Amino acid sequence: MSTTNNAKRAAFFDVDNTLIKGSSLYFLSRGMYSRGFFNKRDVLAFVLANLRFKLSGEKNQGEVDRIQSAGMRIAKGKKVDEMLEIGNDVYKKYVSPALWAGTLEIARKHLEQGEEVWLVTATPVEVANLIAERLGLTGGVGTVAEKKNGEYTGFIEGKLLHGKEKALAVVRLAEEHGFDLKQCYAYSDSHNDFPLLESVGNPRAINPDALLRIRAAKDHWPIYDFRRARWLTSIVAPIINRAAAIAGGMNATLKKKKR
């Protein structure tokens, strides 16, 4: 991560399973549930929508719409100030203990080198900014919930910050802050963040899922794995790396044949 010129740089971090162990939205819903903001039926609807979304990814617009609707129904009519208070409580109880120390160390190294560090996540922007503030990071971008008269309306402004929307958000940040994206870094655990990782010159994988691990091995992206089950990773990683190498060889052979 050494710097070689005076280009303005930044590092962009996904949050769930990259910076923290688990889902920030799940932690937030736990905090809201403990205060009686919604019932078990609401929780179940949200969990099911989130599960379907994780399985299908951003390519299935129907699932994107469902997860947005489920999340917004939970927030509808809630006061912004109350939600911020809950957010602070959730950070202390759930988020802080779930931080990946290794990821935080990487983020702090970027800061030490004079580079900005931004969180880029599908979670509400208020949560992203809260986490960034508590950790001394530059800032956060996330999904923006519509507000009127100090309350959430149950709708979002724009789109859920997921998949290609994260990449677009990073491009906007670069335009606003003068970052050279070719000199910037991005970190994620999920193949759903390929657009984010591809938007910078230095993509990195943290606690990667299988598809991201394959892509990272194939394209020589650095991989960091801070999970406890490293023994499993030590078994699976060589197999995946071998598969990536074979895939790369097959691709090269096909290109030669086409010529």
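Residues numbered from 1 in each chain as written. Predicted model: local features only at pLDDT ≥ 70, side-chain atom pairs only at ≥ 80, totals over all residues. Heavy atoms only, no water.

Engineer: Would you mind showing me how to read the overall build of the protein here?
Structural biologist: Counting secondary structure elements, the protein contains 10 helices and seven strands. For the protein, the proportion of its 259 residues judged to be buried stands at 47%. Sequence-distant contacts, at least 24 apart, represent 58% of the contacts inside the protein between residues at least 6 apart. Of the roughly 13,700 Å² that the protein leaves accessible, carbon and sulfur atoms contribute 54%. (Helix = DSSP H or I, 4+ residues; strand = E, 2+ residues; numbered from the N terminus. Buried < 20%, exposed > 50% of the residue type's maximum accessible area, 1.4 Å probe, protein only. Contact = heavy atoms within 4.5 Å. Areas by Shrake-Rupley, 256 points an atom, 1.4 Å probe, with all protein chains shown as cover.)

Engineer: Is there a simple way to think about the environment of Gly150 in this case?
Structural biologist: As for its position among the elements, Gly150 is in the loop between strand 3 (139-148) and strand 4 (151-157). Taking the C-alpha atoms as reference points, Gly150 and Glu82, separated by 68 residues in sequence, lie 9.8 Å from one another. Here Gly150 is in contact with Lys78, Lys79 and Val80, once residues within four sequence places are set aside.

Engineer: Teacher, can you tell me more about the packing of aromatic side chains here?
Structural biologist: Two aromatic rings are characterised by how far apart their centres lie and by the angle between their planes. Scanning the model with the defined rule gives five aromatic pairs in all. Taking the centre distance of 6.0 Å and the plane angle of 15° together, the rings of Phe27 and Tyr94 count as stacked. Note that Phe27 is positioned in helix 1 (residues 24-34) and Tyr94 in helix 4 (residues 80-95), a separation of 67 residues in sequence. Tyr94 sits in the buried class, given a relative accessible area of 18%. An aromatic cluster is built from Phe13, Tyr187, Tyr224 and Phe226, whose rings are joined through pairwise contacts. Over the face of the ring belonging to Trp100 we find Lys21, whose NZ or CZ atom lies 4.9 Å from the ring centre. Positioned over the ring face of Phe194 is Arg215, at 5.1 Å from the centre of the ring. (Phe/Tyr/Trp six-rings, centres within 6.5 Å; stacked < 30°, edge-to-face > 60°. Lys NZ or Arg CZ within 6 Å of the ring centre and 35° of its normal.)

Engineer: Whenever I open this one, unusual backbone geometry confuses me. Can you help?
Structural biologist: Trans peptide bonds make up the majority, and among non-glycine residues the majority have a negative phi. A positive phi angle, near 70°, is found at Asn17, a position not held by glycine. Here Asn17 is to be found in the loop between strand 1 (10-13) and helix 1. For Asn207, which is not glycine, the phi dihedral falls at a positive 50°. Mapped onto the fold, Asn207 is located in the loop between strand 6 (202-206) and helix 9 (210-219). The buried category is assigned to Asn207, whose relative accessible area is 4%.

Engineer: Please explain empty space enclosed by the protein as it appears in this structure.
Structural biologist: Gaps left between atoms are located by rolling a probe of water-molecule size over the structure's atoms. What the rule picks out here adds up to one cavity of 30 Å³ or more. Taken as a whole, the largest cavity holds about 50 Å³ of empty space. Lining the largest cavity are Ser24, Leu28, Gly87, Val90, Tyr91, Val95, Val127, Leu130 and Ile131. At the level of elements, helix 1, helix 4 and helix 6 (125-135) are the ones that each hand at least two residues to the lining of the largest cavity. Broken down by element, the lining of the largest cavity gets its largest block of residues, four residues, from helix 4. (1 Å grid on protein atoms, 1.4 Å probe; cavity = no way out; pocket = protein on both sides within 12 Å on 5 of 7 lines; lining within 4 Å. Points joined across faces, edges and corners; volume = space filled by probe spheres on them.)

Engineer: I keep staring at the pairing of strand 3 and nothing clicks. Help me out?
Structural biologist: In regular strands, side chains alternate between the two faces of the sheet. Pairing between strand 2 (residues 116-124) and strand 3: four bridges, direction parallel. Directly across from Pro124, in strand 3, lies its bridge partner Thr143. At this point the chain moves from strand 2, through helix 6, to the parallel strand 3, and the crossover so formed is right-handed. Of the pairings in the sheet, the one linking strand 3 to strand 4 comprises four bridges and is antiparallel in character. Across the sheet, the residue bridging to Ala145 is Ile156, located in strand 4. In this structure, the hairpin formed by strand 3 and strand 4 is closed by a connection of two residues, where Asn149 is found at a positive phi of approximately 55°. (Pairing = 2+ DSSP bridges. Right-handed = clockwise from strand over helix to strand, strands pointing away.)

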